[in-house]
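Remarks on the overall topology
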Amino acid sequence: MTTRLTVAQALVRFLAAQYTERDGVRQRLISATWGIFGHGNVAGLGQALVEYADDMPFHQGRNEQSMVHAAVGYARQSNRLSTHAVTTSIGPGATNLVTGAALATINHLPVLLLPGDIFATRVADPVLQQLEVPYAGDISVNDSLRPVSKYFDRVTRPEALIPAALQAMRVLTDPVETGAVTLALPQDVQAEAYDWPDEFFAERTWTVRRPGADPTELAEAVSAIRAAQRPLVVAGGGVHHSRAEEALAEFAAATGIPVASTQAGKGSLRHDHPQDVGAVGHTGTATANELARQADLVIGVGTRYTDFTTASGTLFEQQGVRFLNLNIAPYDGHKLAGRPLVADARSGLTELTEALQLHTHRVSGTYIDEYSLDKERWEQRVDACFEADEPDIRPTQAQVLGALDALADESDVIVNAAGSLPGDLHKLWRARSRDQYHLEYGYSCMGYEIPAAIGVKMAAPERNVWALVGDGTYLMMPTEIVTAVQEGIAIKLLLIQNHGYASIGGLSESVGGERFGTAYRYQSDDGTYTGAPLPVDLAANAASLGMRVLRAKTVRDLRAALAEARAADTPTCVYVETETADTVSGPPPAQAWWDVPVAETATRPSAVKARELYERHVSTRRRHL
């Protein structure tokens, strides 16, 4: 039996029938589609989404990149078991997807991209917005999505949709390969009819695997842990993707091994778990980083060891330190010349715990007492950063976070990605639940926060979802405020004004760049931006987009505004001005190095001094072989 439909209609019907299953829980794989329409998709996918509106919910976006961010936020909150599709027209609509696709692929988060494409038949050539390539007739701007997609196909004939769609679902549901998946759809093919086999539209369930460890690798891992005197777990985002938090807590409690976390892994243990020692790496805590420097075995769980985690190869400095990497991806399991334990994080941790309990293995009490005392000292530093003795003065950024920290409970989710906030949050935030801390730091993409918060709220409507945004990030992409207002998605926006790029300003100063071009100020006579702050009113801008805005001038105001926003059932913004970009934000400085090369030759004293310090740090870097 067959059914005659257009390619776009067939694709929408197919997507509506795809499901995932893990641990006995079944749910829609593609639960909705985002779209902005133009000539490249309005008559194809646009018509199909109207035709099958009962089967495929639709959300109207304002920026193509933002739509991908919203889908990614939804996918992460849904444990990568459900995501959204995103459709755009050809040309700029399609190229606007590239940044979002890169973010999804780098963070191993599934999203389906459906950009329109030029005519497959070439009857209209060149079509509006077409990139003409003299040496190749089969290239369009959509080819820019190839390097940032985990799977890419261009559907140039109706029947080619069947294998392309199936391959797309395979990659989206593969815990190793998942990321952005692109099906480029020529606009003439979208509207072309074909007799489709009815089996194509049957419900299909994709099992998300939990592979266990190889027995030999498991035995070697157990031996390595038993031989270690100062082991340290580095928990990455794979712990969350696998829902392995309880398994990690049981492993840590049984063995006494301390657990440090990357940005993606923060919250793998609650902040008050005895074995949680906080953040690791350049934005980490003194406690975790000192343990990392002295560790003789580093047990990476679901981490890909970015330069922030390893302090650009300078953090794990103990002579003879070795790495044991529990990771579902063999590529990451072999990093740092580590001993791989290729398995799902939950399965692998459970098997490790059971094997070690047979030997009643536990680290020494002296080691436990040492890191417990160090953690207590760090918590005292956090308290000092959060404390505001004078509630009627303008808050520091750390005090802003302290006010939110005091208000939040397990139901709150904080979303952030870029600026000075990720460093402050990684060091200071006290994660109370497995998914409270939603930091996108694989791509650290300015503009992610607001649309991602919308996606998170869609996936978990019962939660309080906060988008934490600095003025630099806000100016990149505030447009989806309109979407939140239109659809009644009650996100909370904490908008912090510090008049510039505070994070990069601090980095610029440290590497001899003298904060050049990082402040939002008028230009001075010497060509630098060191004049008075710009008279922008971001609160008024948010209000003009339809958001309710609460202004806070003091710590006392801020506490009241945050409480009011948290109780609101409409999209609400809390606006607060903190220290300007040329002052510190309050938290302790970096506890580990990060390699940003400094000019090798310069005449300005700041750059000469920075180069001397840089060379001292570089000399401590090592390759783990």
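Residues numbered from 1 in each chain as written. Predicted model: local features only at pLDDT ≥ 70, side-chain atom pairs only at ≥ 80, totals over all residues. Heavy atoms only, no water.

**Here's the deal with the packing of helix α16 (residues 397-407) against helix α17 (residues 421-428)**
Running from N to C, α16 and α17 cross one another at 50°; their axes reach a closest spacing of 11 Å. Taken as axis vectors, α16 and α17 run oblique relative to one another. Relative to α17, the crossing made by α16 is right-handed. Residues Gln397, Ala398 and Leu401 of α16 touch α17, and the partners they reach there are Leu421, Asp424, Leu425 and Leu428. Of the residues assigned to the contact of α16 with α17, the class counts are five nonpolar, one polar and one charged. (Axes fitted to C-alpha atoms, helices over the stretch in contact; angles between N-to-C directions. Helix = DSSP H or I, 4+ residues; strand = E, 2+ residues; numbered from the N terminus. Parallel < 35°, antiparallel > 145°, perpendicular 65-115°, else oblique. Left-handed = near helix turned anticlockwise from the far one by under 90°. Contact = heavy atoms within 4.5 Å. Nonpolar A, V, L, I, M, F, W, Y, C, P; charged D, E, K, R; others polar.)

**Description of the pattern of salt bridges**
Scanning all chains against the criterion turns up 34 salt bridges. Between Glu159 and Arg157 there is a salt bridge whose closest N-O contact spans 2.8 Å. The class of Glu159 is partly exposed, set by a relative accessible area of 28%. Because the salt bridges share partners, they merge into one network encompassing Arg243, Glu245, Arg434, Asp435 and Arg463. (Salt bridge = Lys/Arg side-chain N within 4 Å of Asp/Glu carboxyl O. Buried < 20%, exposed > 50% of the residue type's maximum accessible area, 1.4 Å probe, protein only.)

**A word on the sheet that holds strand β21 (residues 492-497)**
Each strand in a sheet pairs with its neighbour through backbone hydrogen bonds, running either in the same direction (parallel) or in the opposite one (antiparallel). If you trace the six strands from one edge of the open sheet to the other, you get β19-β18-β20-β21-β23-β22, paired in parallel fashion. The sheet is open, and its two edges are formed by β19 (437-439) and β22 (548-552), each paired on a single side. Taking each pair of neighbouring strands and ignoring which way they run, the sheet shows an average axis angle of 20°. Strands in contact with helix α18 (residues 449-459) are β18 (412-416), β19, β20 (464-470) and β21; relative to β20, the strand with the most contacts, it is inclined by about 175°. The strands touched by helix α23 (residues 555-567) are β18, β20, β21, β22 and β23 (572-577); relative to β22, the strand with the most contacts, the crossing angle is about 160°. (Pairing = 2+ DSSP bridges.)

**Observations regarding unusual backbone geometry**
Residues Asp125 and Pro126 are joined by a peptide bond in cis, for which omega reads 5°. The topology assignment puts Pro126 in the loop between β7 (111-117) and β8 (151-154). With a phi angle near 55°, His108 is a residue other than glycine that sits in the positive phi range. Tracing the sequence through the fold places His108 in the loop between α5 (97-106) and β7. Taking the relative accessible area as the measure of exposure, His108 reaches 25% and is therefore partly exposed. In this model, Thr360 sits at a positive phi of 45°, which is unusual for a non-glycine residue. With respect to the element layout, Thr360 can be found in the loop between α14 (345-357) and α15 (365-386). Residue Thr360 is classed as exposed on the basis of its relative accessible area of 68%.

**Quick look at the environment of Ala552**
Considering the arrangement of structural elements, one finds Ala552 in strand β22. Along the chain, Ala552 and Leu562 lie 10 residues apart, while their C-alpha atoms are 9.1 Å from each other. Those residues within four positions of Ala552 in sequence are excluded, and the remaining contacts are Asp557, Leu558, Ala561, Tyr575, Val576 and Glu577.

**Observations concerning the pairing of strand β6 (residues 83-88)**
β6 sits mainly inside the fold: six of its six residues count as buried. Bridge count between strand β4 (residues 30-35) and β6: five bridges; the pairing is parallel. Counted as the bridge partner of Gly35 is Thr87 from β6.

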